[in-house]
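Overview (structure and organization)
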Amino acid sequence: MDVKEAIEKRRAYRSLDPVEIGDDLIQDLAECARLFCSCFNNQPWQYVFVRDAEMLKKMHDALSQGNEWARAASMIIAVYSKPEFDCMIKGRNYYLFDTGMATAAIILRATELGFVAHPIAGYSPRKTKEILGIPDDVEVITLVIVGKHSDTLSPVLSEKQIQAEKERPERKPLQEFVHIDRYSERI
Ligand SMILES: Cc1cc2nc3c(=O)[nH]c(=O)nc-3n(C[C@H](O)[C@H](O)[C@H](O)COP(=O)(O)O)c2cc1C
């Protein structure tokens, strides 16, 4: 699979089947983050790869309403960082940008390997830190829910989520966000 294909194949699926998570997979995904670029090569990203059944069960408590589907995760990657881990240039703080890029590399690689890797914002950072022992002074930026895409619809999905399972949610046309040469010129 080439990069473009992985970008096109990646979807935020919510119907998940269990899948074995080996050390080699974690190593592979972590290596993809490791190789990514960052401001001054600061590498501000931190990850907790949660795959132990008991720990995954505990993490159910951290999921927000509407994310019950994520209880079927075979792995949850907790992504965290803080501004001080990366460039802070006159109010421009790069930790979220760099951590986001490295995490996108993880997501695309997971897609290439046949997994669903679905980032979510609907969770309690406080509970996540408590459960995983993550220090208090960092930001939990996302949880990436990992599993195998299931042909059977998850029974906990809303109508909207069922629709998104069948068809990729609509995207803005390029004209709404691409400018050529100057702001006033649209693609
Ligand atoms: C930062 C971020 C937070 C998200 N939070 C949630 C979430 O809490 N629950 C959920 O079901 N999906 C969540 N999503 C998935 C998006 O809803 C999804 O990516 C979007 O609808 C586009 O669908 P697609 O990724 O399948 O193309 C999140 C995605 C991102 C990048």
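Description of the structure in this document. The structure displayed is predicted, hence computed values, not measured ones.

**Overview of helix α6 (residues 159-166)**
- Within α6, burial applies to Gln161, Ile162, Ala164 and Glu165. The buried residues of α6 occupy an angular sector of 160° when projected down its axis, which confines them to one face. Exposed side of α6, more than 90 degrees from the buried face: Glu159, Lys160 and Lys166 are the residues found there.
- Elements in contact with the buried residues of α6: β7 (139-149).

**Regarding the environment of Ala110**
- As for its placement among the helices and strands, Ala110 is situated in helix α4 (residues 95-112).
- C-alpha of Ala110 to C-alpha of Asn93: the two residues are 17 residues apart in sequence and 28 Å apart in space.
- Ignoring any residue separated from it by four or fewer positions in sequence, one finds Ala110 in contact with Leu29, Phe115 and Ala117.

**Concerning unusual backbone geometry**
- The residue Phe40 is not glycine, and still its phi comes out positive at about 60°.
- Among the structural elements, Phe40 can be located in the loop between α2 (23-34) and β2 (46-50).

**With respect to a nonpolar patch on the surface**
- Side chains of Leu174, Phe177, Ile180 and Ile187 sit close together on the surface and give an oily, nonpolar patch of about 380 Å² of accessible area.
- The residue Ile180 is located in the segment after α6 in this model.
- For Ile180, a relative accessible area of 38% translates into the label partly exposed.

**Details of the pairing of strand β3 (residues 75-81)**
- For β3, a buried count of 7 out of 7 residues is recorded, marking the element as mostly surrounded by other parts of the structure.
- Burial of the side chains of β3 extends over both faces: Met75, Ile77, Val79 and Ser81 are buried on one face and Ile76, Ala78 and Tyr80 on the other.
- Across 5 bridges, the pairing between β2 and β3 is antiparallel. Bridge assignment links Val50 to a residue of β3, and that residue is Ile76.
- In terms of strand pairing, β3 meets β7 through 7 bridges, oriented antiparallel. Looking at β7, one finds that Met75 is bridged to Val146.

The rules behind these values
- Residues numbered from 1 in each chain as written.
- Predicted model: local features only at pLDDT ≥ 70, side-chain atom pairs only at ≥ 80, totals over all residues.
- Heavy atoms only, no water.
- Buried < 20%, exposed > 50% of the residue type's maximum accessible area, 1.4 Å probe, protein only.
- Helix = DSSP H or I, 4+ residues; strand = E, 2+ residues; numbered from the N terminus.
- Arc of directions from axis to C-beta.
- Contact = heavy atoms within 4.5 Å.
- Patch = residues over 30% accessible without salt bridge, like charges linked within 9 Å, V, L, I, M, F, W, Y side chains within 5 Å.
- Areas by Shrake-Rupley, 256 points an atom, 1.4 Å probe, with all protein chains shown as cover.
- Salt bridge = Lys/Arg side-chain N within 4 Å of Asp/Glu carboxyl O.
- Pairing = 2+ DSSP bridges.

As far as function goes, none of this settles anything; it's purely spatial.
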